[in-house]
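Here are the chains, one letter per residue:
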Amino acid sequence: MPASQRERDNLATPKTTDPPSHPVATPGAGIGEELRRERLFDIEGRIARHRRRTFAVLAVALLLSTPELGAWWLVPFCATVIAFPLCERAMRRSRKPYAWAAIGWAVSPLAISVAVALTGAAESPGTPWLALPAISLAARFERRGVILGTAYIYLLLLASTFAIDPQAVIDRPSRVIFPAALVLGAVMLSTATVESDRKHRREALFDPLTGLLNRNALRLRLDQLANDARTPGGGRALAFAIGDIDHFKRVNDEFGHVVGDELLRTVATTMRSVLRGGDELFRIGGEEFVVLLPLADRERAVAVCERLREAVSQARSPSGIGVTISFGVTVVRGTPPPLEALVAAADEALYRAKREGRNRVEVAGSRERAQVAGESSN
């Protein structure tokens, strides 16, 4: 069959394909975890600065109130001041920073509730202070953590008021209702603010068209791998592959950009369904994708890209459009070089794949063809 006829068939022949029978791999698991860790450390660092100022203000208030309330307030307050930096230091050194962040946060409402119990229980003026730790709940934790944290504060509120002097609460329910409402209001307002921040962070790291991680996320992931390579036992092989849809401009010119966008989503979904857990897929612009394969040598990288290439060649968009894709692969060991160096190395192989007929996988640094898909000259 002439090449031009094959091109027309591949671009416009509708074809029904069954969905993959295996589970869809979740791309970016490693980068997602790194983003959560980075955000946690960033939040803790920002809160720590303001926490010290807050403690200074509270210390002045406590000292001024000592003649009226007594010195009992100072005991839990001092315990909190000591516990926070200890938990923060442990959090940054631990493999489970979220657990230490939760412990550090839980100290504050516990200390406040103890102080409330020691200074009048339901009649203590300190009950509204439980809203202070509630403000930072949403910044530190996801929705489940926020719910559990709020329930924890309410439990401490009841334990330090109603459990000690139930008659005082029955006589004046506002002694518990007002601080409880203040806690809930603090949680709701802070959650709305944090959700807005998270939305903007997601938009900065995800491609809105395909839902894949973007170039910014790729750079962050490479930074993480570089840091891991400097630790004992790090520096293992890493495969970096660039996939470029063959003749994508022709699709936009002949069928329009709406169909082109539809096809990009199809290609992204198809490749994502082929990848296994730990493999990561990024869209870095236009019709270019990056596949990141930690711990993969040359043979495995080629095998994975061949599966991706074959899956893309068989897929069809909802409009019945099909395309092929070419891959350029580079494999590095030790500390990964900067993104630009990886792209340059993979591009060298990708350009060779384009020159030698497209719809194939080529490996950087070798003139030998990694593997050819067929005789297509798309």
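The protein chain appears in an unreviewed UniProt entry as Diguanylate cyclase (GGDEF) domain-containing protein from Thermoleophilum album.

Trainee: Any chance you could explain the overall build of the protein chain here in plain terms?
Mentor: The helix and strand tally for the protein chain stands at 14 helices and 6 strands. In the protein chain, buried positions account for 47% of the 378 residues. For the protein chain, long-range pairs separated by at least 24 residues make up 71% of all intrachain contacts whose partners lie at least 6 apart in sequence. About 19100 Å² of surface is accessible on the protein chain, with carbon and sulfur atoms providing 60% of the total.

Trainee: Whenever I open this one, the UniProt feature "transmembrane region" (unreviewed entry) in the protein chain confuses me. Can you help?
Mentor: Taking the numbering used here, the UniProt-annotated feature "transmembrane region" (unreviewed entry) corresponds to residues 55-86, 98-118, 145-164 and 176-194. Helix makes up 100% of residues 98-118 and strand 0%, with an end-to-end C-alpha separation of 31 Å. Secondary structure over residues 176-194 splits into 100% helix and 0% strand, and the C-alpha atoms at its two ends are 27 Å apart.

Trainee: Before we go on, may I ask you to explain the environment of Leu209 in this structure?
Mentor: Tracing the sequence through the fold places Leu209 in the loop between helix H9 (174-205) and helix H10 (215-229). Once the C-alpha coordinates of Leu209 and Leu264 are considered, the two residues, 55 residues apart in sequence, prove to be 8.1 Å apart. Once residues lying within four places of it in the same chain are set aside, the contact partners of Leu209 are Asp261, Leu264, Arg265 and Arg283.

Trainee: For this particular structure, what's the right way to read a nonpolar patch on the surface?
Mentor: A grouping of Leu110, Val114 and Leu118 is seen on the molecular surface, where their side chains present a nonpolar patch of about 230 Å² in accessible area. Structurally, Leu118 is set in helix H4 (residues 97-118).

Trainee: Help me understand the layout of surface pockets, please; the structure alone is not making it clear to me.
Mentor: Picture a little ball the size of a water molecule; that probe, rolled over the atoms, points out where space is still empty. As a volume, the second largest pocket reaches approximately 570 Å³. Lining the second largest pocket are 27 residues, and of these Arg51, Thr54, Leu132, Pro133 and Ser136 lie nearest its centre. Counting residues per element, the ones that place at least two in the lining of the second largest pocket are helix H2 (29-69), helix H3 (74-93), H4, helix H5 (131-135), helix H6 (137-140) and H9. Looking at which element gives the most residues to the lining of the second largest pocket, the answer is H2, with 7 residues.

Trainee: Honestly, the packing of aromatic side chains in this entry has me stumped. Any pointers?
Mentor: The geometry of an aromatic ring pair is captured by the separation of the ring centres together with the interplanar angle, meaning the angle of the planes. Applying the stated criterion across every chain yields a total of 2 aromatic pairs. Look at Trp105 and Phe141: their rings are 6.4 Å apart centre to centre, the planes differ by 85°, and that puts the pair in the edge-to-face class. Linking Trp105 in helix H4 with Phe141 in the loop between H6 and helix H7 (143-160), this pair joins segments that are 36 residues apart in sequence. Judged by relative accessible area, Trp105 falls into the buried class, the value being 5%. Ring centres of Trp105 and Tyr152 lie 5.8 Å apart, and the angle between their planes is 50°; this geometry places the pair in the tilted category. Linking Trp105 in helix H4 with Tyr152 in helix H7, this pair joins segments that are 47 residues apart in sequence. By the ring-pair criterion, three or more aromatic residues cluster together here, those being Trp105, Phe141 and Tyr152.

Trainee: How should I be thinking about the environment of Ala180 in this particular structure?
Mentor: Within the element layout of this structure, Ala180 appears in helix H9. Residues Ala180 and Ile153, 27 residues apart in the sequence, show an inter-C-alpha distance of 8.8 Å. Those residues in contact with Ala180 that sit more than four places away from it in its chain are Tyr154 and Leu157.

Trainee: Teacher, can you tell me more about the environment of Ala59 here?
Mentor: Checked against the element boundaries, Ala59 lands in helix H2. In this structure, the C-alpha to C-alpha distance between Ala59 and Phe77, residues 18 residues apart in sequence, is 8.1 Å.

Trainee: What am I meant to see in unusual backbone geometry here?
Mentor: One non-glycine residue, Ala121, adopts positive backbone phi at about 55°. If you trace the backbone, Ala121 turns up in the loop between H4 and H5. Owing to a relative accessible area of 4%, Ala121 belongs among the buried residues under this scheme. The backbone phi angle of Leu295 is positive, close to 65°, even though this residue is not glycine.

Trainee: I would appreciate a short explanation of the pattern of salt bridges in the present structure.
Mentor: Working definition: two side chains of opposite charge can pair if their charged atoms are close together. All told, the structure shown has 12 salt bridges when counted by the stated rule. Arg300 is paired through a salt bridge with Asp279; the nearest N and O atoms lie 3.3 Å apart. With Arg300 in helix H13 (residues 298-314) and Asp279 in the loop between helix H12 (257-274) and strand E2 (280-285), this residue pair connects regions lying 21 residues apart in the sequence. The closest approach of N and O atoms between Arg309 and Glu310, which form a salt bridge, is 3.4 Å. Residue classification places Arg309 among the buried positions, given a relative accessible area of 4%. Taken together, the salt bridges that share partners define one network made up of Asp244, Asp246 and Lys354.

Trainee: Please explain the pairing of strand E5 (residues 360-363) as it appears in this structure.
Mentor: Both faces of the sheet carry side chains from a regular strand, because those side chains alternate between them. Judged by which residues are buried, E5 turns out to be covered on both faces: Arg360 and Glu362 on one side and Val361 and Val363 on the other are all buried. Note that strand E4 (residues 325-332) and E5 share 3 bridges and pair parallel. Opposite Phe327, over in E5, you have Val361 as the bridge partner. A crossover connection joins E4 to the parallel E5 through helix H14 (residues 339-355); in handedness this β-α-β unit is left-handed.

Trainee: Any chance you could explain H12 here in plain terms?
Mentor: Note on helix geometry: an α-helix contains 3.6 residues per turn, so any two residues three or four positions apart are oriented the same way. Spanning 18 residues, H12 covers 26 Å between terminal C-alpha atoms, matching the ideal 26 Å at 1.5 Å per step. By the burial criterion, the buried members of H12 are Val259, Gly260, Glu262, Leu263, Leu264, Thr266, Val267, Ala268, Thr270, Met271, Ser273 and Val274. Next to the buried residues of H12 lie strand E1 (238-245), helix H11 (248-255), E2, strand E3 (288-294), H13 and E4.

Cut-offs and rules
Residues numbered from 1 in each chain as written. Predicted model: local features only at pLDDT ≥ 70, side-chain atom pairs only at ≥ 80, totals over all residues. Heavy atoms only, no water. Helix = DSSP H or I, 4+ residues; strand = E, 2+ residues; numbered from the N terminus. Buried < 20%, exposed > 50% of the residue type's maximum accessible area, 1.4 Å probe, protein only. Contact = heavy atoms within 4.5 Å. Areas by Shrake-Rupley, 256 points an atom, 1.4 Å probe, with all protein chains shown as cover. UniProt positions renumbered as here; feature names shortened; annotations may be inferred. Patch = residues over 30% accessible without salt bridge, like charges linked within 9 Å, V, L, I, M, F, W, Y side chains within 5 Å. Salt bridge = Lys/Arg side-chain N within 4 Å of Asp/Glu carboxyl O. 1 Å grid on protein atoms, 1.4 Å probe; cavity = no way out; pocket = protein on both sides within 12 Å on 5 of 7 lines; lining within 4 Å. Points joined across faces, edges and corners; volume = space filled by probe spheres on them. Phe/Tyr/Trp six-rings, centres within 6.5 Å; stacked < 30°, edge-to-face > 60°. Pairing = 2+ DSSP bridges. Right-handed = clockwise from strand over helix to strand, strands pointing away. Expected span 1.5 Å × (residues − 1).

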